[in-house]
Amino acid sequence: MESLSHHLHILLFGIYPYIAVSVFLVGSLIRFDHGQYTWKTGSSQMLSSRHMRLASNSFHIGILVIFFGHLVGLLTPHWAYAWIISAGAKQIMAILVGGIAGVLCFIGGVMLLWRRLFNPRVRASSSAMDTFIIALLVVQVTLGLATIGPALGHLDGGLMLQLAHWAQAIAFFQGGAAAYLEGVGWIYKVHIFIGLTIFLVFPFSRLVHVWSLPLGYLFRRYQIVRRRA
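Note that the coordinates shown come from a computational prediction; the quantities given were computed from them, not determined experimentally.

This part takes up the overall build of the protein. Assigned secondary structure in the protein consists of 10 helices and zero strands. Walking the protein from its N terminus toward its C terminus, one meets helices and strands in the order α-α-α-α-α-α-α-α-α-α. Overall, the C-alpha framework of the protein stretches about 70 × 45 × 35 Å when taken along its three principal axes. The proportion of buried residues among the 229 residues of the protein is 36%. Counted over contacts in the protein with a minimum sequence separation of 6, partners at least 24 positions apart contribute 80%. Of the roughly 14900 Å² of accessible surface on the protein, a fraction of 71% belongs to carbon and sulfur atoms. For the protein, the centre of its 16 positive side-chain charges and the centre of its 5 negative side-chain charges are spaced 30 Å apart.

A word on the UniProt feature "binding site: heme b" (unreviewed entry) in the protein. Here the UniProt feature "binding site: heme b" (unreviewed entry) sits at His60, His70, His191 and His209. In three dimensions, the annotated residues from a span of 150 residues occupy distinct locations, with a maximal C-alpha spread of 23.6 Å. Judged by its relative accessible area of 41%, His70 falls in the partly exposed class. Residues contacting His70, with those up to four places away along its chain left out, are Leu75 and His191. Separated by 2.8 Å, the side chain of His70 and the backbone oxygen of Ile66 make a polar contact. Its place among the elements puts His209 in the loop between α9 (186-201) and α10 (216-219). Look at His209 and you get partly exposed, because its relative accessible area is 26%.

Further remarks concern the environment of His209. Separated by 171 residues in the primary sequence, His209 and Thr38 have C-alpha atoms spaced 9.6 Å apart. Of note is the side chain of His209, whose polar atom sits 2.6 Å from the backbone oxygen of Arg206.

With that out of the way, let us pick up the side chain of Thr197. Within the secondary structure, Thr197 is located in helix α9. Note on Thr197: relative accessible area 15%, which makes it buried. In this view, Thr197 contacts Tyr16 and Leu136; residues no more than four positions away in its chain are not counted.

Here helix α4 (residues 87-118) crosses helix α8 (residues 158-171) at 85°, and the two axes come no closer than 8 Å. For the element pair α4 / α8, the angle class is roughly perpendicular. Counting all contacts with α4, which are made through Ala87, Lys90 and Gln91, the residues of α8 involved are Gly158, Met160 and Leu161. Of the residues belonging to the contact of α4 with α8, the class tally is three nonpolar, two polar and one charged.

Our focus in this paragraph is the environment of Pro150. Here Pro150 is to be found in helix α7 (residues 148-152). C-alpha separation for the pair Pro150 and Gly185, spaced 35 residues apart in sequence, amounts to 8.7 Å.

Nonpolar side chains in soluble globular proteins generally cluster together in the buried interior. Core analysis: the largest hydrophobic core is formed by 38 residues, its most contacted members being Leu163, Trp166, Leu181, Tyr188 and Ile192. Mapped by element, the contributors of at least two residues to this core are α1 (2-34), α2 (52-75), α4, α6 (128-146), α8 and α9. Ranked by the residues each element gives to this core, the list is headed by α9, at seven residues. Residues within four places of Leu163 in sequence aside, it is in contact with Leu74, Leu181, Val184, Tyr188 and Ile192.

Confidence in the prediction of the protein, expressed as mean pLDDT, is 88, and 93% of residues score 70 or more. Mean pLDDT across the elements of the protein bottoms out in α10 (73) and peaks in α9 (96).

Thresholds applied
- Residues numbered from 1 in each chain as written.
- Predicted model: local features only at pLDDT ≥ 70, side-chain atom pairs only at ≥ 80, totals over all residues.
- Heavy atoms only, no water.
- Helix = DSSP H or I, 4+ residues; strand = E, 2+ residues; numbered from the N terminus.
- Buried < 20%, exposed > 50% of the residue type's maximum accessible area, 1.4 Å probe, protein only.
- Contact = heavy atoms within 4.5 Å.
- Areas by Shrake-Rupley, 256 points an atom, 1.4 Å probe, with all protein chains shown as cover.
- Lys, Arg positive; Asp, Glu negative; His and termini not counted.
- Charge placed at Lys NZ, Arg CZ, Asp CG, Glu CD.
- UniProt positions renumbered as here; feature names shortened; annotations may be inferred.
- Polar contact = N/O pair within 3.5 Å; in protein donor to acceptor, adjacent residues only side chain to side chain.
- Axes fitted to C-alpha atoms, helices over the stretch in contact; angles between N-to-C directions.
- Parallel < 35°, antiparallel > 145°, perpendicular 65-115°, else oblique.
- Nonpolar A, V, L, I, M, F, W, Y, C, P; charged D, E, K, R; others polar.
- Core = buried A, V, L, I, M, F, W, Y, C linked by side-chain atoms within 4.5 Å.
- pLDDT = per-residue confidence, 0-100.

Written as structure tokens, this is what we have:
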């Protein structure tokens, strides 16, 4: 039984990450190549705009801060910032910023999920994947907020470094990545597993619109607009 648990641990946190990221990248490329007409946000604001601005802005601001916070926080080696900020101070900052962003994302996500489930016009235009992905994101941010309590019990930054070592081992193809998560609390493991699953289902959902972020708009040439004579 113990051997089975060990192999399952390696499968989930040593192999599954590469499966999820591979599907994420290859699936997105295939969908862009073969299904460009499905490459859209599918906004439902025209069907019902009530509280949409609050819900959408809260959700998107929160999730962007969370995503880039995780990206930088987990993939930046300790030596790169150790001379500026200690691991403990970084963890406190992550709890504060992540907590605020998580609450914003949770409020917006719950409002958007409620629209999907209980607004007749929005529900009629929604696919099963639309509802599933927003529900999965709400569950994920709820788990993220739930990790704040355990994190407050050890503010030395040790657990944060442990999670960062796992993420860096995965990202840079180092062997034995799953070993870094041995002894980590179950809530962190579930949070990681659902996060990887979001990457797995990403190409099959409306989340693909993230790839179409109009960064080119920021660097395009000025357009001269003339008034009518």
